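If you want the building blocks of each chain, they are given just below.
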Amino acid sequence: MKKIVFISFIFLTACRTTQVASTNNNTTNPNITVNGKIFTTLFQQRAAEYRALCFQAYNIAKLRVDEYKSVTNKPKAIITDIDETVLDNSPYEAFQTLQGKDYDPASWYQWTAKGIADTMPGAASFLKYASSKGITIFYITNRDEKERASTIGNLKKFQLPNADDAHFLPKQSISSKEARRRTVSLTHEIVLLMGDNLADFSSLFDKKTVEDRINNTDFSAGEFGNRFIVLPNPVYGDWESSLFNYNYKLTAAQKDSVVRGALKAY
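What counts and how
Residues numbered from 1 in each chain as written. Predicted model: local features only at pLDDT ≥ 70, side-chain atom pairs only at ≥ 80, totals over all residues. Heavy atoms only, no water. Helix = DSSP H or I, 4+ residues; strand = E, 2+ residues; numbered from the N terminus. Buried < 20%, exposed > 50% of the residue type's maximum accessible area, 1.4 Å probe, protein only. Contact = heavy atoms within 4.5 Å. Pairing = 2+ DSSP bridges. Right-handed = clockwise from strand over helix to strand, strands pointing away. Axes fitted to C-alpha atoms, helices over the stretch in contact; angles between N-to-C directions. Parallel < 35°, antiparallel > 145°, perpendicular 65-115°, else oblique. Nonpolar A, V, L, I, M, F, W, Y, C, P; charged D, E, K, R; others polar. Phe/Tyr/Trp six-rings, centres within 6.5 Å; stacked < 30°, edge-to-face > 60°. Lys NZ or Arg CZ within 6 Å of the ring centre and 35° of its normal. Salt bridge = Lys/Arg side-chain N within 4 Å of Asp/Glu carboxyl O. Expected span 1.5 Å × (residues − 1). Polar contact = N/O pair within 3.5 Å; in protein donor to acceptor, adjacent residues only side chain to side chain.

(A) Structural view of the overall build of the chain. Secondary structure summary: the chain contains 11 helices and 7 strands in total. Burial statistics for the chain: of 266 residues in total, 45% are counted as buried. Taking contacts inside the chain between residues at least 6 apart in sequence as the whole, the part at least 24 apart equals 77%.

(B) Seen up close, the pairing of strand E6 (residues 189-195). Extensive coverage of E6 is indicated by the burial of 7 of its 7 residues. Pairing of strand E1 (residues 76-80) with E6, which is carried by 5 bridges, proceeds in the parallel orientation. Residue pairing in the sheet places Lys76 in a bridge with Glu189 of E6. As defined by bridge partners, E6 adjoins strand E7 (residues 228-230) across 3 bridges and the pair is classed as parallel. What sits directly across from Gly195, in E7, is Val230.

(C) Inspection of the pairing of strand E4 (residues 136-140) at higher detail. Of all 5 residues making up E4, 5 are buried, and the element is well covered by its neighbours. Burial along E4 is two-sided: the residues Thr136, Phe138 and Ile140 and Ile137 and Tyr139 are all buried. Pairing geometry for E1 and E4, over 4 bridges, is parallel. Each bridged residue has a counterpart across the sheet, and for Ile79 the counterpart in E4 is Phe138. Sheet analysis places E4 next to strand E5 (residues 168-169), joined by 2 bridges and oriented parallel. If you follow Tyr139 over to E5, its bridge partner there is Phe168. A crossover links E4 with its parallel partner E5, the connecting element being helix H7 (residues 148-156), and its sense is right-handed.

(D) Up close: the packing of helix H3 (residues 48-67) against helix H6 (residues 123-132). Two elements in contact, H3 and H6, have axes whose closest approach is 10 Å; the angle formed by their N-to-C orientations is 5°. Judged by the inter-axis angle, H3 sits roughly parallel to H6. Mapping the contact onto sequence places Tyr58, Ala61, Lys62, Val65 and Asp66 in H3 and Ala123, Phe126 and Tyr129 in H6. Across the contact of H3 with H6, the residue classes break down as 6 nonpolar, no polar and 2 charged.

(E) Representation of the side chain of Asp200. For Asp200, the position within the fold is in the loop between E6 and helix H9 (210-219). For Asp200, the contacting residues outside a window of four places in its chain are Asp81, Lys177, Arg181, Leu193, Met194 and Gly195.

(F) Layout of the packing of aromatic side chains. Within this structure, the stated rule accounts for 7 aromatic pairs. Relative to Trp108, the ring of Tyr92 lies with its centre 5.3 Å away and its plane at 85°, an arrangement referred to as edge-to-face. Of the two residues, Tyr92 is situated in helix H4 (residues 90-97) and Trp108 in helix H5 (residues 105-114); the sequence distance between them amounts to 16 residues. The interplanar angle of 65° and the centroid separation of 5.8 Å between the aromatic rings of Phe224 and Phe228 together place this pair among those described as edge-to-face. What makes Phe224 partly exposed here is its relative accessible area of 24%. Ring pairs connect the aromatic residues Tyr92, Tyr103 and Trp108, which therefore count as one cluster. Residue placement shows Lys146 over the ring face of Tyr109; its charged tip is 3.7 Å from the ring centre.

(G) Molecular detail of the pattern of salt bridges. Taken as a whole and assessed by the stated rule, the structure comprises 14 salt bridges. Asp66 is paired through a salt bridge with Lys62; the nearest N and O atoms lie 3.4 Å apart. Residue Asp66 and its partner Lys62 are located together in helix H3, separated by 4 residues, close to a single helical turn. On the basis of relative accessible area, Lys62 is assigned to the partly exposed category, the value being 34%. Between Asp81 and Lys177 there is a salt bridge, with its nearest N and O atoms 2.9 Å apart. On the criterion of sequence distance, the pair formed by Asp81 in the loop between E1 and strand E2 (87-88) and Lys177 in the loop between E5 and helix H8 (178-187) is long-range, its members being 96 residues apart.

(H) Main features of helix H2 (residues 32-46). Taking 1.5 Å of rise per residue, the 15 residues of H2 would be expected to cover 21 Å, and the 21 Å separating its terminal C-alpha atoms lies within 8% of that figure. Every buried residue belonging to H2 is among Thr33, Val34, Lys37, Thr40, Thr41 and Gln44, and all of these are buried. As for H2, its buried residues are in contact with H3, E2, H4, helix H10 (238-243) and helix H11 (252-262). Sitting at the amino-terminal end of H2 is Asn31, which places a side-chain oxygen 3.0 Å from the backbone nitrogen of Thr33.

(I) Here's a closer look at the sheet that holds E5. The strand order E5-E4-E1-E6-E7 describes an open sheet built from 5 strands, whose pairing is parallel. With partners counted over all chains shown, the strands left at the sheet margins are E5 and E7, one partner each. Its contacts with the sheet place H8 against E1, E4, E5 and E6, and it is angled at close to 160° to E4.

Here you go:
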């Protein structure tokens, strides 16, 4: 009798475990674009290799700061992106993908309003080091104006330099960062540009096709690791948007078809 009760308990426990797993797992959206982000987000959060890539980027940035020779009398500045360059948004991606969802503005604003994103590995120490060398930090981001207060508060949480209204340049009417970079260059000599998306560095990459992005990357090869410091981001960015021709209204099935067609296999 005891054996029967014990076996029944194991069976019921197994059923309950399966039920919980099914509830928590991404079962509502079979699209590989969304499901693939479970693994890319996992890589960002748990892979030591990802941390190593971030440290590598910031180590190179420190070398470039140390060897930099001014060419004008302007004060020196670094222009940096925020998301996946200074702040880590992988908890947001995990939250979305585990529900079978991709990015959407409403959920993104809820996340940034919390102001709880951690810093990217190596980011805080590098920015503080650059500041100690008399370099001003400008944060050029495509976060919206309404995210200003929460974002600056998030940066201040880690005592990051120049985390204030004067050095926070969010998106206004257009997503291109070129005009904002030029504004900074009027008053400052740009030592480095840092970002996870190629449009963080040059208008050569603004809303370009996959092929143009590759060609312009080859054309700009000498800048990477010198004036351009690139942080890894396998989860999202123009590398993904360009695959979909910047059509943000594609259905999950349509995205799935594009992704499968873009892959090279043998």
